[in-house]
Amino acid sequence: MKVLVTGFDPFGGEKINPSFEAVKRLPDKIQNAEIIKLEVPTVFYKSIEILRSKMCEIQPDIVICTGQAGGRSHISVERVAINIDDAKIEDNEGNKPIDKPIFFDGENAYFSNLPIKKIVEGIKEIGIPVEISNSAGTFVCNHLLYGLMYYIQKDFKKTLGGFIHVPYLPEQVLEKRNTPSMSLDNIVRALEKAVEVSIIK
Ligand code: PCA
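Notes on the structure follow. Since the structure is predicted, the reported quantities are computational estimates derived from the model, not experimental observations.

### Section: the overall build of the chain
- Helix and strand content of the chain: five helices and nine strands.
- The linear arrangement of helices and strands in the chain, starting from the amino end, is β-α-β-β-α-β-β-β-β-α-β-α-β-α.
- Compactness check: the chain gives a C-alpha radius of gyration of 16 Å against a globular reference of 17 Å for 201 residues, within 12% of the reference.
- The principal-axis extents of the C-alpha atoms in the chain amount to approximately 40 × 40 × 25 Å.
- Here the chain holds 201 residues, and the buried ones make up 54% of them.
- When the accessible surface of the chain is split by element, carbon and sulfur atoms take 49% of a total near 9300 Å².
- Side-chain charges of the chain comprise 25 positive and 27 negative groups, with the mean position of each set lying 3 Å from the other.

Right, here's the structure in full:
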């Protein structure tokens, strides 16, 4: 079994992105599954294309994309992606789409087909704050989840896919007041648990 796990590169003036920092530290095997790690640029469309070509190359059974959700205190397991790009800041190549559909021939929204409730239960059991999120926003993370599920329903019907947002790391909030963070260790353990639960499903 192959599990593809992605994280984003830093964006919005940050020096690191906790999502890829955590993905890099995942083991290469979880149970009997091979873990393939991919860094995706925080860029509209390019992110989806890079993910899609990796999926074509390795034909993964499960795809879990991750990204930074600055300001959130909990690991958030996303339920849904919507067919809209509406950026408040530029992506890493200067794009700032406002109210633009992602794919004209796509549905208004796609649900993650990961076992999101079981993932939340599993992460809670190991003592890490976690919740279901009903919005991945309207920036590149929602965009990538939308693209993932669009291609899953088109070309990878047997693949499970979804998205997990992670909080800032403590070192990112040194100069930000009243802003939650989570240790890298806990983020890595939470992602590992998410993979484990998805494999068992
Ligand atoms: N978080 C952004 C995009 C890249 C990332 O890590 C988001 O939540 O849309």
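### Side note on helix α2 (residues 46-58)
- Between its first and last C-alpha atoms α2 spans 18 Å; for 13 residues at 1.5 Å apiece the expected length is 18 Å, and the two agree.
- Among the residues of α2, Ser-47, Ile-48, Leu-51, Lys-54, Met-55 and Ile-58 are the ones counted as buried. End-on view of α2: buried residues confined to an arc of 130°, all on one side of the axis.
- Two residues or fewer past α2, Gln-59 is found with a positive phi of approximately 50°.

### A word on the layout of surface pockets
- The volume enclosed by the largest pocket comes to roughly 350 Å³.
- Considering the residues around the largest pocket, the lining is formed by 19 residues, among which Gln-68, Ala-136, Gly-137, Phe-139 and His-165 are closest to the centre.
- Tallied by class, residues from the lining of the largest pocket come to nine nonpolar, seven polar and three charged.

### Quick notes on the packing of aromatic side chains
- Summed over all chains, the structure comprises ten aromatic pairs.
- Here the aromatic rings of Phe-103 and Tyr-150 are separated by 4.1 Å at their centres, their planes lie at 25°, and the arrangement is stacked. In this pair, Phe-103 sits in the loop between β6 (80-82) and β7 (109-111) while Tyr-150 sits in helix α4 (residues 140-155), placing the two residues 47 residues apart along the sequence. Of the two residues, Phe-103 and Tyr-150, neither departs from the other in class, the shared state being buried.
- When the centroid spacing of 6.5 Å and the interplanar angle of 25° are considered together, the rings of Tyr-146 and Tyr-150 count as stacked. Separated by four residues within a single helix, Tyr-146 and Tyr-150 lie in helix α4, roughly one turn from each other. As far as burial versus exposure is concerned, Tyr-146 and Tyr-150 are alike and both buried.
- In textbook terms, an aromatic cluster arises when at least three aromatic residues are bridged by ring pairs, as seen for Tyr-45, Phe-103, Tyr-110, Tyr-146, Tyr-150 and Tyr-151.

### Digging into the environment of Ala-22
- Inspection of the secondary structure assignment puts Ala-22 in helix α1 (residues 18-24).
- With a relative accessible area of 0%, Ala-22 lands in the buried category.
- Contact partners of Ala-22, with chain neighbours within four places excluded, come to Leu-184, Ile-187, Val-188 and Leu-191.

Cut-off values and rules
Residues numbered from 1 in each chain as written. Predicted model: local features only at pLDDT ≥ 70, side-chain atom pairs only at ≥ 80, totals over all residues. Heavy atoms only, no water. Helix = DSSP H or I, 4+ residues; strand = E, 2+ residues; numbered from the N terminus. Rg over C-alpha atoms; globule rule 2.2 N^0.38 Å. Buried < 20%, exposed > 50% of the residue type's maximum accessible area, 1.4 Å probe, protein only. Areas by Shrake-Rupley, 256 points an atom, 1.4 Å probe, with all protein chains shown as cover. Lys, Arg positive; Asp, Glu negative; His and termini not counted. Charge placed at Lys NZ, Arg CZ, Asp CG, Glu CD. Expected span 1.5 Å × (residues − 1). Arc of directions from axis to C-beta. 1 Å grid on protein atoms, 1.4 Å probe; cavity = no way out; pocket = protein on both sides within 12 Å on 5 of 7 lines; lining within 4 Å. Points joined across faces, edges and corners; volume = space filled by probe spheres on them. Nonpolar A, V, L, I, M, F, W, Y, C, P; charged D, E, K, R; others polar. Phe/Tyr/Trp six-rings, centres within 6.5 Å; stacked < 30°, edge-to-face > 60°. Contact = heavy atoms within 4.5 Å.

Fair warning: the whole summary comes from geometry, so function is off the table for now.
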